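Chain and residue survey
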Amino acid sequence: MTLSPAVSTLCENPNQVFLDVAKLLITYADNILRFPNEEKYRSIRIGNPTFSTKLLPIKGAVECLFEMGFQEAETHLVFPKSASVEQLKLIRESIAAERDQRLGGGRPAQQPASAPRRPVATSGTPTPQPAQQPSSLSSMSFFVTLQSNFQHVMLYENAELQQKARSAMPHQEMSSAAQSKLEEARRADPGCRVGLEDFLVVELLRWFKQDFFSWVDSLPCGRCGGPTQNSGSLGPTPEDLRWGAQRVENHFCSGCQLSTRFPRYNNPEKLLQTRRGRCGEWANCFTLCCRAVGLEARYVWDSTDHVWTEVFSPSQRRWLHCDSCENACDKPLLYELGWGKKLAYILAFSKDQVVDVTWRYSCRHPEVLSRRTRVQEAWLLDTINRLNGVRQQSLSPGRRAELTERLLVELVEFISPKKPPAGQLGGRNSGSLAWRIARGEAGAAGTEASAQAVGFVFSPTEQEKQQRLLHVRYGAAADQYCRVSSGSELTPGWDRCAWSKQAVFRKLEADWRMVYLARTEGSAVGRLGWRFDLAPAGMTIKSVSVAASSQTFHSGTVCWTLQSDRLTTEFSGDGSSQSFPGLSGASELTVWAELGGGDGEASWQHSQLFRQSLEETDLSSLEIIIHLQDA
C-alpha cells in the first residue's frame, strides 16, 4: 500500500509509539464513521490531556489528522461536514494496515522505490516533547510547523535522491565556471576570502533559474493551450498524496470550460521531474540540488509566506542567503526593504539543527519583535533546543562543538541590526506582476508610498465629464502625450504624465534612427506607471480599453498590468486594443509596465517600451480610452 506523507512520517516512530498513536487516530476516525451526525465526535479539544500528551508531540500524528480532513478552529480541531469521508477512510485504512502488519509480525508496508521513506534522524530515540504543553492552537500549529520542516529536510540526505539530482545537473560545467571565477577573483584581489563553494552556489542559482526550473502562475489549458485562471481547489488523488501534494489547484479555462489540475508537490524527487511551481517548489528542489553537489544547505521558512535556502560558506565562515526564485545571493534585506514584507518568524532547518534566523533578515528589530505574538519567546527557544538535542544525539562531539561555535557566531551577528544598503533592493521578480502586487511584494510597482517618483494623475476635466470620455495617447518618436478628449492638448516628455518611474530612460539610437524607453544600465528591473483618478470628478469607469506596444530580445521581459480597486490583471504589449469589463464601476486605475531579464552587459536593451522609428509621427505607442459614468 502506498503511504501518504503524514502516515509515512508516523511510521518512523518507534514501534510502541506508533501503535499507541495509531490506536488513538483510528478511534477518532471510527467515531466519525459510526456516528456521522454526532457533533461531539467531529471535534478534538486542543487542551484535552490525551490529545496534548499522547498525540501532539509525536511526529506525523497531527499531520495525519489534517490529511484526514480535520481543520483548525480556535480551541479545537474540527472535522467539517464538507470534508471528504472517503479521504478520512483512506488515511484510516493506511494507518490500520500498518498497525495490523506490525501486530502480526510482518514487515511494515513500504513505499515504492520511486518514493523512498524519509531517513530517520536518530535511531530509537523518541520525538522530543514540546518544551511546555502548548496552551493555544497557535502554539500547537507552530510546533507542527517546526517538527514537519525539521523532518522534511532529512529527505535531502537520501543518497539515491542526491544522485538523481546530480544526474539532472551540469555539475562539471558549473564547477569549472566556479573555478575560473575564483581564480579571476584571486588575481584581482589575492587577499579575498571568497572560496570555491561561494562561486559554485552562484553558478547553481543562475542555472536553476535560467535553465532548469520554471515559475507557474497558472498553467496553460490542457486542451487549447490558452490562458487559465486559478479557480479554487480540487481533491488530491492517492497519486498526488504519494508525492506530498495535499493541495491541488484548479486552473480553469473559460474558453474550453476545462479544468487543468496543478498538484502542489512537496516531494523533491517529483519536482526533479516536473521542474515547475512557485516558491515552495523552487526552494524545496533547489535545497536538494545544493546538498547533491556537496554544499551544506538549509531550508528557510518565513511565516509571511515565503521560503528560500541558506548555504554555509566555509571560506567566509557564515551562512549565505540564497533565493532561487530571484537568483539572489547574500541579500538578506531583500524581503524587508525590497519587497516591503512585515517579517515576524524566519526559521532555518538543516539535517543537524533548527535555528531562528529572523534577525539576519531585518534591520528593524523592534518592529519585528512587536509582531512576534504567535508563541512565547521562551517556549520557542526551549522547543528549538529540545528538537536540536534529539537530532544531535547521534553526532560526534566534534560536530556538536562545530555547530555550537557556528551558532554563537550567528548570535553575535544577530545582535546588531544590519545597515540598509545604499541602493534600492527592488521588489520581487518571480511570479506575475499582478500576483506580486496582490501580495504586496512588487516594491515600487506595488505601493504608492514606495514609488520613486509620485507625479502626474489624470483626472477628468469639465469637458471630459460632459463627453463622458478620457482619451490619452503617447508617441515615442515625438515624445509627447496627446489628451484627445480635452481638445487634443499636447504635453512633451515621456515622464511628464507618468505617475511613477523607476530606473527608466528614453534611449535614442542615432545610427539606427530608432527610439524607445528602456531600464537604466545596471538595473535589474525598470518600472513605469500612469494613474487615472476619477473620484474627484464624481465619476467611475463604464468601460476601458488599452493598447500598448513593447518588444523583447533574447531573455528580456516586459510585463503590463492594470491595477484598480476592483481588479488587478495582466495584458499583452503587442499593440492591439484590449478591453477589461471587470473594471466597470472602478473609480481609479493604474497602468504599469515592468522591464526585466536580458543577457549579458546589454541586458538593459533587451526589454523595450514603445520602440519606434524617428521618422514616424503618429502617437500610437500607448493609448488609453476610458468611457465614464456617474459614480
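The structure we're discussing is the one just above.
Notes on the structure in this doc start here. These numbers come from a predicted model, not from an experiment. (Residues numbered from 1 in each chain as written. Predicted model: local features only at pLDDT ≥ 70, side-chain atom pairs only at ≥ 80, totals over all residues. Heavy atoms only, no water.)

Overview of the pattern of salt bridges
- Inspection of every chain in the model, using the stated rule, returns 44 salt bridges.
- Put simply, Lys 89 and Glu 86 hold a salt bridge, and the shortest N to O gap is 3.8 Å. Of the two residues, Lys 89 and Glu 86 are both situated in helix H5 (residues 85-103); the distance of three residues between them amounts to about one turn of the helix.
- Judged by its relative accessible area of 35%, Lys 89 falls in the partly exposed class.
- We classify Glu 86 as exposed; its relative accessible area is 54%.
- A salt bridge links Lys 501 to Asp 495; the nearest nitrogen and oxygen atoms lie 3.1 Å apart.
- Accessibility expressed as a relative area gives 30% for Asp 495, which makes it partly exposed.
- Look at the salt bridges and you will find they share partners, linking Glu 296, Lys 351, Asp 352, Arg 399, Glu 402 and Arg 406 into a network. (Salt bridge = Lys/Arg side-chain N within 4 Å of Asp/Glu carboxyl O. Helix = DSSP H or I, 4+ residues; strand = E, 2+ residues; numbered from the N terminus. Buried < 20%, exposed > 50% of the residue type's maximum accessible area, 1.4 Å probe, protein only.)

Overview of the nonpolar core
- One finds Phe 142, Leu 146, Leu 204 and Phe 208 to be the most contacted residues of the largest nonpolar core, which totals 56 residues.
- Per element, the largest residue contribution to this core is nine residues, and it comes from helix H12 (residues 279-292).
- Beyond its immediate stretch of four places on either side in the chain, Leu 204 contacts Met 169, Met 174, Phe 286, Cys 289, Cys 290, Val 293 and Leu 295.
- Residues Leu 517, Met 539, Ala 548 and Val 591 belong to the second largest nonpolar core, which totals 39 residues. (Core = buried A, V, L, I, M, F, W, Y, C linked by side-chain atoms within 4.5 Å. Contact = heavy atoms within 4.5 Å.)

With respect to empty space enclosed by the protein
- Per the stated rule, a full pass over the model turns up four cavities of 30 Å³ or more.
- When its volume is computed, the second largest cavity comes out at roughly 60 Å³.
- Glu 157, Arg 291, Glu 296, Ala 297, Trp 319, Ser 350, Lys 351, Asp 352, Gln 353, Arg 399 and Leu 403 together form the lining of the second largest cavity. (1 Å grid on protein atoms, 1.4 Å probe; cavity = no way out; pocket = protein on both sides within 12 Å on 5 of 7 lines; lining within 4 Å. Points joined across faces, edges and corners; volume = space filled by probe spheres on them.)

Looking at the pairing of strand E17 (residues 480-483)
- As judged from the four bridges shared by strand E16 (residues 469-475) and E17, these two strands associate in the antiparallel manner. Bridge pairing in E17 places Val 472 opposite Arg 483.
- Joining the antiparallel neighbours E16 and E17 is a turn of four residues, in which Asp 479 adopts a positive phi near 50°.
- As paired strands, E17 and strand E18 (residues 489-492) are joined by four bridges and run antiparallel to one another. (Pairing = 2+ DSSP bridges.)

Details of H12
- Between the first and last C-alpha of H12 there are 20 Å, a value that for 14 residues agrees with the 20 Å anticipated at 1.5 Å per step.
- Most of H12 sits out of view: 13 of its 14 residues are buried.
- At the exit of H12 stands Gly 294, carrying a positive phi of roughly 90°. (Expected span 1.5 Å × (residues − 1).)

What to know about the sheet that holds strand E21 (residues 514-519)
- One open sheet accounts for four strands, arranged E20-E21-E29-E24; its pairing is antiparallel. Across the chains shown, the open sheet's two edge strands, defined by having one partner strand only, are strand E20 (504-509) and strand E24 (550-552). Between one strand and the next, the sheet's axes are offset by a mean angle of 35°, whatever the strand orientation.
- Judged from the three bridges that link them, E21 and strand E29 (residues 607-613) form a sheet pairing that is antiparallel. Directly across from Val 515, in E29, lies its bridge partner Gln 612. (Axes fitted to C-alpha atoms, helices over the stretch in contact; angles between N-to-C directions.)

A short note on the state of the cysteines
- One pass over the structure, following the stated rule, counts zero disulfides.
- Free cysteine Cys 279: the closest other cysteine sulfur is in Cys 325, separated by 5.6 Å. (Disulfide = S-S within 2.5 Å.)

Focus: helix H7 (residues 159-167)
- For H7, the complete set of buried residues consists of Leu 161, Gln 162 and Ala 165. In a view along the axis of H7, the buried residues occupy a sector of 100°, so they form one face of it. Seen from the open side of H7, the exposed residues pointing more than 90 degrees away from its buried face are Ala 159, Glu 160 and Ser 167.
- Residues of H7 that are buried in the fold lie against helix H11 (268-274) and H12.
- You can read the cap of H7 off the contacts: a side-chain oxygen lies 3.0 Å from the backbone nitrogen of Glu 160, and it is on Asn 158. (Arc of directions from axis to C-beta. Polar contact = N/O pair within 3.5 Å; in protein donor to acceptor, adjacent residues only side chain to side chain.)

Some thoughts on the environment of Phe 143
- In this structure, Phe 143 sits in helix H6 (residues 137-152).
- By relative accessible area, which is 0% here, Phe 143 ends up buried.
- Residues Phe 143 and Thr 383 lie 240 residues apart in sequence; the distance between their C-alpha atoms is 8.0 Å.

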